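# Tertiary structure, described
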Amino acid sequence: MKIYLSDSINFVSKLSIQRIWNAFKVLSSFYITKWTKKPRQWGMPFTVSIEPTTACNLRCPECPSGLRAFTRPTGNLKEDFFKNTIDEISKELIYLIFYFQGEPYINPNFLDMVNYAHQKRIYTITSTNGHFMNDENAKKTIESGLDRLIISVDGATQEVYENYRIGGKLENVLKGAENIIKWKKKLQSKTPHVIFQFLVVRPNEHQIPEIYRLAKDIGIDEVKLKTAQVYDYKNGNPLIPTIEKYARYQKQNDGTYEVKNELLNHCWKLWHSCVVTWDGVLVPCCFDKDAEHRLGDLKRTTFKEIWHDEPYQAFRSRLLKGRDQIDICTNCTEGCEVWV
């Protein structure tokens, strides 16, 4: 794994004794749970994903936002609620991911919230489709203190790009990336660490070398190839790559497909992280896109109470007994970001 020194130094600079001790408690409780097969949960989550909005300008075919397929309410994260939540968990929190569903830059207060977390010395990450990084927003992004910016670039030409990013314009994404790099240089900022994320699907797999070339030409820090989650995979799917190493699914002798990884009855995500929807609902992980497994409501109770309360412990117990019995787990490779 390639190490990016500047990004690593920036991350380490945000650690504190309290955050390290909390992470140790969480890690210890996870391994004790694995050994005893009984849920133990010490400490607080040190990775939290919070949803700026459910709205999106694109119509990507495997995304509930793109398909406009949510049954849960849609809306924007409110800044006051966000600040209250961060105030409660900031002393233990290491990573704050400003993303779940939707396009973060659609929320008009998104970068103000990033800056608030930055002031709390939390490592901040967001993922964007790149269509809102005009010159003004690019400058504000650098000034916000954002630590990591993931830009989805799923094609090296418009024809290939729009196969998945329906409604998107590749030239706008590349121009936005150029704006970010320009303002990093102008403001002499080492952050954010900028990543081109390439979601490998069958229509674009032949353009992998071109993405590396584009990233180098613009001055992007890193390229990450991400495997694609598809919902309807059992009988094949035109998005599943032909290059096996880039597919989450493998073909069986009878012609059907199954998830490559063995579905083990434990999950690190349930111990160190969680997701907060724009309206304050806690859900177990990023695979619960429609927030069907609601473990608590931050508008009614505290984060600590929810994290250690009976609904969360009951869900962890269910997981230990059989992940194959939990719908959101059956298409999971233990984590949202599956890189190759």
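Keep in mind that what you see is a predicted model, and the values were worked out from it rather than measured. (Residues numbered from 1 in each chain as written. Predicted model: local features only at pLDDT ≥ 70, side-chain atom pairs only at ≥ 80, totals over all residues. Heavy atoms only, no water.)

## Some remarks on unusual backbone geometry
Following Thr191, the chain continues to Pro192 via a peptide bond in cis, the omega torsion being 0°. In this structure, Pro192 sits in the loop between helix H8 (170–186) and strand E5 (193–200). Here the phi dihedral of Arg121 falls at roughly 60°; this positive angle occurs in a residue that is not glycine. Tracing the backbone through its elements, the reader meets Arg121 in the loop between helix H5 (110–119) and strand E3 (123–128). On the basis of relative accessibility, which here comes to 43%, the residue Arg121 falls in the partly exposed class. (Helix = DSSP H or I, 4+ residues; strand = E, 2+ residues; numbered from the N terminus. Buried < 20%, exposed > 50% of the residue type's maximum accessible area, 1.4 Å probe, protein only.)

## Some words on the pattern of salt bridges
In the structure shown here, the tally under the stated rule is 14 salt bridges. Across the pair Lys140 and Glu136 runs a salt bridge, and its minimum N-O distance is 3.1 Å. Taken together, the residues span about one helical turn, with Lys140 and Glu136 both in helix H6 (residues 135–144) at a distance of four residues. Classification of Lys140 as partly exposed rests on a relative accessible area of 39%. Judged by its relative accessible area of 49%, Glu136 falls in the partly exposed class. Notably, a salt bridge pairs Glu143 with Lys139, separated by 2.6 Å at the nearest N-O pair. Here Glu143 and its partner Lys139 are both found in helix H6, four residues apart, which amounts to about one turn of the helix. Through salt bridges that share partners, Glu210, Arg213 and Asp217 make up one connected network. (Salt bridge = Lys/Arg side-chain N within 4 Å of Asp/Glu carboxyl O.)

## Examining the packing of aromatic side chains
This structure, assessed with the given rule, holds 14 aromatic pairs. Ring geometry for Phe11 against Tyr123: centres 5.8 Å apart, planes inclined by 80°, an arrangement best described as edge-to-face. One end of the pair, Phe11, is in helix H1 (residues 5–13); the other, Tyr123, is in strand E3, and 112 residues separate them in sequence. With 6.5 Å between their ring centres and 70° between their planes, Phe82 and Tyr116 make a pair best called edge-to-face. You can see Phe82 sitting in helix H4 (residues 79–89) and its partner Tyr116 sitting in helix H5, a full 34 residues away along the chain. A relative accessible area of 0% places Phe82 in the buried class. An aromatic cluster is defined as three or more aromatic residues linked by ring pairs; in this entry it consists of Phe30, Tyr31, Trp35, Phe46, Trp268 and Trp271. Lying over the aromatic face of Trp307, Arg316 brings its terminal NZ or CZ to 4.7 Å of the ring centre. (Phe/Tyr/Trp six-rings, centres within 6.5 Å; stacked < 30°, edge-to-face > 60°. Lys NZ or Arg CZ within 6 Å of the ring centre and 35° of its normal.)

## Regarding the pairing of E5
With eight of eight residues buried, E5 is to be regarded as a mostly interior element. Here E5 shows a buried face lined by His193, Ile195, Gln197 and Leu199 and a second buried face lined by Val194, Phe196, Phe198 and Val200. Bridge count between strand E4 (residues 148–152) and E5: five bridges; the pairing is parallel. Opposite Arg148, over in E5, you have His193 as the bridge partner. Sheet topology places E5 next to strand E6 (residues 222–227); six bridges connect them, and they run parallel. (Pairing = 2+ DSSP bridges.)

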